[in-house]
Amino acid sequence: MQAYHQARDVLAKLQFATLLILLLSSCATLTPDFEKPELQLTNLSMLPAQGFEQRFRLTFRVTNPNNISFPVDGMNFKLNLRGVQVATGVSDKQFVLAPLSDNTFGVDVTANLFNSGRVLLDIMNTKPQELAYEINAKIFTSKGLWGSIPVSRSGVIPFGLYKPSN
């Protein structure tokens, strides 16, 4: 009887070890050498103000540096201009990035003049041709185990004031 219990315990340990090895190997195949998507702000245009809020149109480019397709389910972001957070926003734009490709899309955001008024007034008064920015975002995806991927980017972009079309 004792030999039976020992054999059963050994078999149970072997089954557990096999299950653990299978589980770990399947996790490894779900996350190959995946690189984060790249997010770049390609344009920022000032839209007409509404009360104490200033509106902007942001144009983003998302790049998939991987050789597998990547679904984007949306994103949230914070925009800093000249080192000051001036706007936060969300986008529910959904698309699939083909392997080694990019996609460009626009988002309208609103900045509260009470929170970032000094920076925004300075930008409106000086009307610079280029503007330094920093963007911190989370790109949401249904791909694999990620759920959301944090990305950050800083740089300089062309800046234009809104010109209504006739």
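Bear in mind that the values here come from a model prediction, so they are computed numbers and not experimental data.

> Could you clarify how one ought to interpret the overall build of the protein chain in this entry?
Check the secondary structure of the protein chain and you find two helices and nine strands. Ordered by position from the N terminus, the helices and strands of the protein chain form the series α-β-β-β-β-β-β-β-α-β-β. The buried share among the 166 residues of the protein chain stands at 30%. Nonlocal contacts in the protein chain, meaning residues at least 24 apart in sequence, comprise 66% of its contacts between residues at least 6 apart.

> Would you mind showing me how to read the side chain of N64 here?
Relative to the helices and strands, N64 is located in strand β2 (residues 53–64). A polar atom in the side chain of N64 sits 3.0 Å from the backbone nitrogen of N66. A polar contact of 2.8 Å, which involves the side chain of N64, links it to the backbone oxygen of I68. In contact with N64, not counting residues within four places along its chain, are S69, F70, L97, A98, P99, L100 and S101.

> Please explain the pattern of salt bridges as it appears in this structure.
Any two side chains of opposite charge can pair, on the condition that their charged atoms come close. Counting across every chain of the model gives three salt bridges. A salt bridge links R57 to D108; its shortest N-O distance comes to 2.7 Å. A residue pair is termed long-range when its members are at least 10 positions apart, and R57 in strand β2 and D108 in strand β7 (residues 101–112) qualify at 51 residues.

> Explain the nonpolar core here, please?
Considering soluble globular proteins, one finds that nonpolar side chains tend to be buried as a cluster. With 34 residues, the main nonpolar core has L44, L58, F60, F77, L79 and L81 as its most contacted residues. Examining the composition of this core, we find that five residues originate from one element, strand β8 (residues 130–140), more than from any other.

> Honestly, unusual backbone geometry in this entry has me stumped. Any pointers?
The phi angle of most residues is negative, glycine excepted, and most peptide bonds adopt the trans form. Its identity is not glycine, yet R82 carries a phi of approximately 50°, on the positive side. Exposure remark for R82: the relative accessible area of 38% places this residue in the partly exposed category.

> I keep staring at the confidence of the model for the protein chain and nothing clicks. Help me out?
Interpreting fine coordinate detail is not advised for predicted regions of low pLDDT. For the protein chain, the average pLDDT comes to 78, and 75% of its residues sit at 70 or higher. Here residues 22–30 is a poorly scored stretch, pLDDT under 50, and it has two contacts once near neighbours within four places are set aside; other chains count. In this model residues 162–166 is a low-confidence stretch, pLDDT under 50, and it forms three contacts with partners more than four residues away in sequence or in other chains.

> Would you take a moment to explain the environment of N80 for this structure?
One can find N80 in strand β4 (residues 74–81). When the C-alpha atoms of N80 and A132 are compared, they prove to be 8.6 Å apart, with 52 residues separating the residues in sequence. Setting aside chain neighbours within four positions, we find N80 in contact with Q85, V86, A132, Y133, E134 and N136.

> Is there a simple way to explain the side chain of N80 in this structure?
Owing to a relative accessible area of 13%, N80 belongs among the buried residues under this scheme. Here the side chain of N80 touches Q85 through a polar contact of 3.4 Å, landing on its backbone nitrogen.

> I tried to follow the environment of P65 on my own but got confused; where do I start?
Relative to the assigned elements, P65 resides in the loop between β2 and β3 (70–72). Along the sequence, P65 and P37 sit 28 residues apart, while their C-alpha atoms lie 6.3 Å from each other. Ignoring any residue separated from it by four or fewer positions in sequence, one finds P65 in contact with E35, K36, P37, E38 and L100.

> Help me out: how do you make sense of the packing of aromatic side chains in this one?
Two aromatic rings, taken as a pair, are described by how far apart their centres are and by the angle between their planes. Under the defined criterion, the tally for this structure stands at three aromatic pairs. Geometrically, the ring pair formed by F95 and F105 is tilted, given 5.6 Å between the ring centres and 50° between the ring planes. Taken as a pair, F95 in strand β6 (residues 95–97) and F105 in strand β7 lie far apart in primary sequence, 10 residues in all. Through a chain of ring-to-ring contacts, three or more aromatic side chains come together here, namely F60, F77, F95 and F105.

Thresholds applied
- Residues numbered from 1 in each chain as written.
- Predicted model: local features only at pLDDT ≥ 70, side-chain atom pairs only at ≥ 80, totals over all residues.
- Heavy atoms only, no water.
- Helix = DSSP H or I, 4+ residues; strand = E, 2+ residues; numbered from the N terminus.
- Buried < 20%, exposed > 50% of the residue type's maximum accessible area, 1.4 Å probe, protein only.
- Contact = heavy atoms within 4.5 Å.
- Polar contact = N/O pair within 3.5 Å; in protein donor to acceptor, adjacent residues only side chain to side chain.
- Salt bridge = Lys/Arg side-chain N within 4 Å of Asp/Glu carboxyl O.
- Core = buried A, V, L, I, M, F, W, Y, C linked by side-chain atoms within 4.5 Å.
- pLDDT = per-residue confidence, 0-100.
- Phe/Tyr/Trp six-rings, centres within 6.5 Å; stacked < 30°, edge-to-face > 60°.

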